[in-house]
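# Summary of structural features
Below are the chains, spelled out letter by letter.
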Amino acid sequence: MKYSIALLFLFLLNSCKQEPVKIVSIKDDVTFLSDDALEGRQTGTDGEKAAADYIAKRFEKLGLEAKGTNGYYQNFTFKPKTNPHQTVNYTVKDGDSTITGTNVLGFLNNNADHTIVIGAHFDHLGYGAEGSLHRGEKAIHNGADDNASGVAVMLNLADKLKNKNTSNNYLFMAFSGEEMGLLGSNYFVKNATIDTQKINYMINMDMVGRLKADSTLAVYGVGTSPILKQTLNAHNSTFKLIQKESGIGPSDHTSFYNADIPVLHFFTGQHEDYHKPTDDFDKLNYEGMTTISNYIFEVISDLDNNGKLPFRKTKNESEETPRFKVGLGVIPDYMFDGKGMRIDGISEDKPAQKAGLQKGDIVIKLGDSTVTDMMSYMKVLATFEAGDKTKVTVDRNGKAVEATIQF
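In this report, the structure presented in the accompanying data block is examined.

Reading the values: the criteria
- Residues numbered from 1 in each chain as written.
- Predicted model: local features only at pLDDT ≥ 70, side-chain atom pairs only at ≥ 80, totals over all residues.
- Heavy atoms only, no water.
- Helix = DSSP H or I, 4+ residues; strand = E, 2+ residues; numbered from the N terminus.
- Buried < 20%, exposed > 50% of the residue type's maximum accessible area, 1.4 Å probe, protein only.
- Contact = heavy atoms within 4.5 Å.
- Areas by Shrake-Rupley, 256 points an atom, 1.4 Å probe, with all protein chains shown as cover.
- Axes fitted to C-alpha atoms, helices over the stretch in contact; angles between N-to-C directions.
- Parallel < 35°, antiparallel > 145°, perpendicular 65-115°, else oblique.
- Left-handed = near helix turned anticlockwise from the far one by under 90°.
- Phe/Tyr/Trp six-rings, centres within 6.5 Å; stacked < 30°, edge-to-face > 60°.
- Core = buried A, V, L, I, M, F, W, Y, C linked by side-chain atoms within 4.5 Å.
- Pairing = 2+ DSSP bridges.
- Arc of directions from axis to C-beta.
- Salt bridge = Lys/Arg side-chain N within 4 Å of Asp/Glu carboxyl O.
- Expected span 1.5 Å × (residues − 1).
- Polar contact = N/O pair within 3.5 Å; in protein donor to acceptor, adjacent residues only side chain to side chain.

## Details of the overall build of the protein chain
The helix and strand tally for the protein chain stands at 10 helices and 15 strands. When each of the 407 residues of the protein chain is scored for burial, the buried share is 52%. For the protein chain, the proportion of contacts with a sequence separation of at least 24, taken over those separated by at least 6, is 75%. Roughly 18500 Å² of accessible area belongs to the protein chain as shown, and the carbon and sulfur atoms make up 48% of that amount.

Structure follows, in structure tokens:
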């Protein structure tokens, strides 16, 4: 009975075809996809398959054409990294460790020359796969923000774009295997069910469910086509935009950028529940998600009559990121654009907690080095090794507080 909720919802989607179709809200989609019944949607599990079936049914109800290799589905296989401490309910036959993941593809055909890809990954960490930040008893990682939120906004956009902005076709894609290394999007780009040369640009949404009170929204890839930055600014009357040039980052847009396709990636920031069982549906800002969906729709509308966007390579910012052997044990606020590195979460039993640092503290000095932003923080952190002891200075509500850190 563990999939009773999933099966019931699928039944309801299939039934009552003669009755008016129920309008499914962004919250409805998030609530279903992040329910315990799907057991964290880890790639290759029954929960992932139930989520894929749900998304396929949603595509069907929205009137999208199937564009996978098997109806709405595009399967891909891989052999996972082995972890003897990880328990996953993969289906393994005759000792074969090959895992099958599933992308879900729906196509809105406007008989146009070019196609816009709008995507979001739907897989997550199951009961705590590699990448989990949870410490304690095994628990379901529901991934409401990561990334039921992106899937829900994608589905909302699919509904908005029907019979609108018809100068392009639209391929809506729910990727699996993202948490294991962008596997599903990478597979699609190399085994595309449409001509990749005719893809105009790609929009990706990953963790768009936690818009904060200051309305900070990060958009990556703004340098991948010359017109993108001015278009984003022209339609922004709500957000505090943080714009990043690079088309490379830790989400599925990277697979398309590497195929010379312009990309935009939307993100509302990390938080204390990231990759933990506490990332649940009741913590999301649904009004904010609707505002983001409306904003993306306006951007798409503006670009509708611009033809195929030219692609431009950008600097790979990840290549400049220092490698470090130690960490403070904090979740940085990547959306913070003030002076220093603001702490958005504290991990238990790590150096920052032991030193008395708090959520909201802004690290302004580490050792003898001044911290002015995220990059300067990472550069100085890379100079320390395990066992080192140093001073850290934080701005706490306008006052400088000094503490001793032991790595």
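## Overview of the packing of helix H2 (residues 26-33) against helix H4 (residues 144-161)
Packing of H2 against H4 leaves a shortest axis separation of 8 Å and a crossing angle of 140°. Between H2 and H4, the crossing angle belongs to the class labelled oblique. Handedness of the H2/H4 crossing: right-handed. Where H2 approaches H4, its residues Ile-26, Asp-29, Val-30 and Leu-33 are matched on the opposing element by Ala-144, Ala-148, Ser-149, Val-151, Ala-152, Leu-155 and Asn-156.

## Focus on the packing of aromatic side chains
Per the stated rule, a full pass over the model turns up 12 aromatic pairs. Seen in terms of ring centroids, Phe-59 and Tyr-72 are 6.3 Å apart; in terms of plane orientation they differ by 45°. Their pairing is tilted. Of this pair, Phe-59 sits in helix H3 (residues 46-61) while Tyr-72 sits in the loop between strand S1 (65-66) and strand S2 (73-78); the two residues are 13 residues apart in sequence, bridging distant segments of the chain. As far as burial versus exposure is concerned, Phe-59 and Tyr-72 are alike and both buried.

## Observations regarding the nonpolar core
Core analysis: the biggest nonpolar cluster contains 61 residues, and Ile-118, Phe-172 and Phe-266 have the highest contact counts within it. The element contributing the most residues to this core is H4, with 10 residues. Those residues in contact with Phe-266 that lie beyond four places of it in its chain are Ile-203, Asn-204, Met-205, Asp-206, Val-208, Leu-217, Ala-218, Val-219, Leu-232, Tyr-295 and Ile-296. Val-363, Leu-366, Met-378 and Val-394 belong to the second-largest nonpolar core, a separate cluster that totals 22 residues.

## Section: the pairing of strand S9 (residues 263-267)
Across the five residues of S9, five count as buried, placing the element largely inside the fold. What you see with S9 is no split at all: Val-263, His-265 and Phe-267 on one side and Leu-264 and Phe-266 on the other are buried throughout. Where strand S6 (residues 199-205) and S9 come together, four bridges link them in parallel fashion. Directly across from Met-205, in S9, lies its bridge partner Phe-266. Here strand S7 (residues 216-220) pairs with S9 via three bridges, running antiparallel. If you follow Tyr-220 over to S9, its bridge partner there is His-265.

## Points about the side chain of Thr-231
Following the sequence through the fold, Thr-231 ends up in helix H6 (residues 228-234). Setting aside residues up to four positions removed in sequence, Thr-231 forms contacts with Val-299, Asp-302 and Leu-303.

## As for H2
Restricting attention to buried positions, one finds in H2 the residues Ile-26, Asp-29, Val-30, Phe-32 and Leu-33. An end-on view of H2 places all buried positions within 165° of arc, on one side of the element.

## Comments concerning the environment of Ala-174
Residue placement: Ala-174 occurs in strand S5 (residues 169-175). Non-local contacts of Ala-174, meaning those with residues more than four positions away in its chain, are made with Ile-55, Thr-102, Asn-103, Val-104, Ala-120, Phe-122 and Met-154.

## Regarding the pattern of salt bridges
Charged atoms that come close allow side chains of opposite charge to pair. Overall, the coordinates contain 12 salt bridges when judged by the stated rule. With a shortest N-O distance of 2.9 Å, Arg-58 and Asp-29 are connected by a salt bridge. Taken together, the residues Arg-58 in helix H3 and Asp-29 in helix H2 connect sequence positions 29 residues apart. Its relative accessible area of 6% is what places Arg-58 among the buried residues. Among the ionic pairs, Lys-354 bridges to Asp-349, the shortest N-O distance being 3.7 Å.

## Quick notes on H3
The end-to-end C-alpha distance of H3 is 23 Å, a good match for the 22 Å that 16 residues give at a rise of 1.5 Å each. Two residues or fewer after H3 comes Gly-63, characterised by a positive phi angle close to 85°.

## Digging into unusual backbone geometry
Note that the residue after Asp-146, namely Asn-147, is joined by a cis bond; omega there is 5°. Locating Asn-147 in the fold gives a position in helix H4. The phi dihedral of Glu-39 falls on the positive side, at around 50°, and the residue is not glycine. In this fold, Glu-39 is placed in the loop between H2 and H3. Judged by its relative accessible area of 12%, Glu-39 falls in the buried class. For Asp-260, which is not glycine, the phi torsion reads 65° and is therefore positive. Of note, Asp-260 is situated in the loop between helix H7 (253-257) and S9. Assessed through its relative accessible area of 43%, Asp-260 is described here as partly exposed.

## Side note on the environment of Asn-75
Summarising the element assignment, Asn-75 is placed in strand S2. Overall, Asn-75 belongs to the partly exposed group, its relative accessible area being 36%. The sequence separation of Asn-75 and Tyr-187 amounts to 112 residues, and the corresponding C-alpha distance is 9.2 Å. Within the structure, the side chain of Asn-75 is placed 3.1 Å from the side chain of Thr-102, a separation counted as a polar contact.

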